[in-house]
Amino acid sequence: MSVERINVELGDRSYPIHIGQGVLSNAYSYLEPHLVGRRVCILTDETIASLHLQTLLSALEGQGLRIETIIIPPGEREKSFERLQTVLGQLLDANFSRADTLIALGGGVIGDLTGFTASILKRGCNFVQIPTTLLAQVDSSVGGKTAINTPAGKNLVGCFYQPKLVLADTDVLATLPVRELKAGYGEVLKYGLIDKPDFFDWLEAHGADVLAGDPEALAQAVSICCQAKATIVKEDEFEHGRRALLNLGHSFGHALEGLAGFDGSVLHGEAVSAGMLMAYEYSQSLGLCSGQDVERVRAHLLALGLENLETLPEIVRADPDALFAYMMRDKKNKDEDLALILAKGIGQAYVEPQADQASVRAYVHAVCEAR
Ligand SMILES: NC(=O)c1ccc[n+]([C@@H]2O[C@H](COP(=O)([O-])OP(=O)(O)OC[C@H]3O[C@@H](n4cnc5c(N)ncnc54)[C@H](O)[C@@H]3O)[C@@H](O)[C@H]2O)c1
Ligand SMILES: [Zn+2]
């Protein structure tokens, strides 16, 4: 199977994404044109280090590079000021320069933390993403959003900082726990539901192959998603408009995650799957999309064993007022308005900057109380 190349076109900040099998073991050939200095630091977590770091190190050895590694514990908790400070301290102590290259080898946690670190280290150093989860390959490694969490909420401190290169090796997904693969699939499905009805059809036929780890199906899904994300990011890099479509299911989803307490009981992609179904159900309640469309979404989630509101822990349904209040604090909102991504059908999502708050609240009450 050949390796596919997709370009994210952003003028002088454009960069390629290479997708396919064996990309990690050939990392040097992809990396070489993007190196400025000869020093490289790989930031990863303990789990990924035990599985995939050696493959990357072997690929980079013998090329005259000075290679360092920073290995942190896994988990969302690491996207913190404390970890950022420690990592920056390690890099500064080692006199890491702007010309040197910071490589994120990991999921969205590592990618977001490394990207933010790279953006502020000496006002910005060279930065490469090597995503190792399905979620990171189809979403977080592309588009340049970086962030850490604070006690006030997730991803509230960060910036836009594009990588120089993204290497998505679909082989590394073989070691990903099924639950993580399914969570990432939520973001895959999102692209079909936003504006790719043909891709939704394809997922209805091949989604099970993607989740079974079929290499062709995985590579095809990752390519289609990266192309879709690259197109949206090119049109609206800083999320003034269209890029907000990528938040389909996320206003409901973030609230579900928030109520669960970010303790791992509800993964981001699980909340997004349930949140997308809620966005479709709410759209139907306004007469925007048909009941058949909602049923297709629900049937797909059920067929693949993905999360919906019923399958999430009871705590997310226990307090509809708290769920609604969480949605009102979403980053997309302006002034006192509630911004939502709604749908007129499968693949026909649009941004509604001023959703009707009374009907959203009523819908949230109705679904929580019915289940
Ligand atoms: N920047 C963006 O645009 C963007 C978009 C979506 C999500 N995010 C962020 O991404 C994060 C979630 O990312 P995630 O879902 O990748 O989670 P994650 O980074 O926490 O990874 C999930 C788990 O899988 C393990 N893992 C990673 N790769 C593995 C592999 N190949 N084999 C075995 N285990 C592996 C990790 O150690 C971790 O325990 C959140 O913090 C979210 O806010 C960012
Ligand atoms: Zn997401």
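Residues numbered from 1 in each chain as written. Chains lettered and ligands numbered in written order. Predicted model: local features only at pLDDT ≥ 70, side-chain atom pairs only at ≥ 80, totals over all residues. Heavy atoms only, no water.

(A) Fine view of the overall build of the chain. Along its length, the chain carries 13 helices and 11 strands. In terms of overall dimensions, the chain is globule-like: its C-alpha atoms have a radius of gyration of 20 Å, near the 21 Å expected for 371 residues. Principal-axis analysis of the C-alpha atoms gives the chain an extent of 60 × 45 × 35 Å. Looking at the 371 residues of the chain, the share that counts as buried comes to 57%. Taking the contacts inside the chain whose residues are at least 6 apart along the sequence as the reference set, 73% of them involve residues at least 24 apart. When the 32 basic and 48 acidic side-chain charges of the chain are each reduced to a single mean position, those positions are 6 Å apart. (Helix = DSSP H or I, 4+ residues; strand = E, 2+ residues; numbered from the N terminus. Rg over C-alpha atoms; globule rule 2.2 N^0.38 Å. Buried < 20%, exposed > 50% of the residue type's maximum accessible area, 1.4 Å probe, protein only. Contact = heavy atoms within 4.5 Å. Lys, Arg positive; Asp, Glu negative; His and termini not counted. Charge placed at Lys NZ, Arg CZ, Asp CG, Glu CD.)

(B) Region of interest: the sheet that holds strand S4 (residues 66-72). The strand order across the open sheet built from 7 strands is S1-S2-S9-S6-S5-S3-S4, with neighbouring strands paired in mixed fashion. The open sheet terminates on both sides in strands that have one partner only, identified here as strand S1 (4-8) and S4. Across the sheet, the axes of successive neighbouring strands diverge by a mean angle of 20°, strand direction being ignored. Bridge analysis of S1 against strand S2 (residues 15-20) gives 5 bridges, and the strand direction is antiparallel. Each residue of the ladder has a partner; that of asparagine 7, found in S2, is proline 16. Together, strand S3 (39-45), S4, strand S5 (101-106) and strand S6 (126-131) form the strand contacts of helix H4 (residues 108-120), whose direction differs from that of S5 by roughly 165°. Packed onto the sheet, helix H8 (residues 215-235) meets S1, S2 and strand S9 (165-169) and runs at close to 15° relative to S1. (Pairing = 2+ DSSP bridges. Axes fitted to C-alpha atoms, helices over the stretch in contact; angles between N-to-C directions.)

(C) Focus on the packing of helix H10 (residues 268-285) against helix H11 (residues 291-303). Across the interface, H10 lies against H11 with an axial gap of 9 Å and an inter-helix angle of 165°. Classified by the angle between their axes, H10 and H11 sit roughly antiparallel to one another. Every pair of crossing elements has a handedness; the one defined by H10 and H11 is left-handed. Contacts between H10 and H11 pair Ser273, Leu277, Tyr280, Glu281 and Gln284 from the former with Gly291, Val294, Val297, Arg298 and Leu301 from the latter. Grouping the amino acids of the contact of H10 with H11 by side-chain chemistry returns 5 nonpolar, 3 polar and 2 charged. (Parallel < 35°, antiparallel > 145°, perpendicular 65-115°, else oblique. Left-handed = near helix turned anticlockwise from the far one by under 90°. Nonpolar A, V, L, I, M, F, W, Y, C, P; charged D, E, K, R; others polar.)

(D) Structural view of the nonpolar core. In this structure, Leu60 and Tyr185 are the most contacted members of the largest nonpolar core, which totals 105 residues. Of the residues forming this core, the biggest block, 10 residues, is contributed by H8. Mapping this core onto the domain boundaries places at least three of its residues in each of domain 1 (4-175) and domain 2 (182-370). The contact partners of tyrosine 185, leaving out residues within four places of it in the chain, are Leu134, Leu203, Gly207, Val210, Leu211, His300, Leu304 and Leu306. (Core = buried A, V, L, I, M, F, W, Y, C linked by side-chain atoms within 4.5 Å. Domains from an automatic or database assignment.)

(E) Just the domain arrangement of the chain, in detail. What the domain assignment reports for the chain is domain 1 (4-175) and domain 2 (182-370). One C-alpha centre belongs to domain 1, the other to domain 2; they are set 27 Å apart. Contact with domain 1, which involves 26 residues of that partner, is made by 26 residues of domain 2. One can count 5 salt bridges joining domain 1 with domain 2. Notably, a salt bridge pairs arginine 13 with glutamate 237, separated by 2.6 Å at the nearest N-O pair. Joining domain 1 to domain 2, the criterion identifies 9 residue pairs in polar contact (both at pLDDT 80 or more). Ranked by the residues each element gives to the side of domain 1 that touches domain 2, the list is headed by helix H5 (residues 134-140), at 5 residues. Residues of the side of domain 1 that touches domain 2, tallied by class, amount to 13 nonpolar, 7 polar and 6 charged. (Salt bridge = Lys/Arg side-chain N within 4 Å of Asp/Glu carboxyl O. Polar contact = N/O pair within 3.5 Å; in protein donor to acceptor, adjacent residues only side chain to side chain.)

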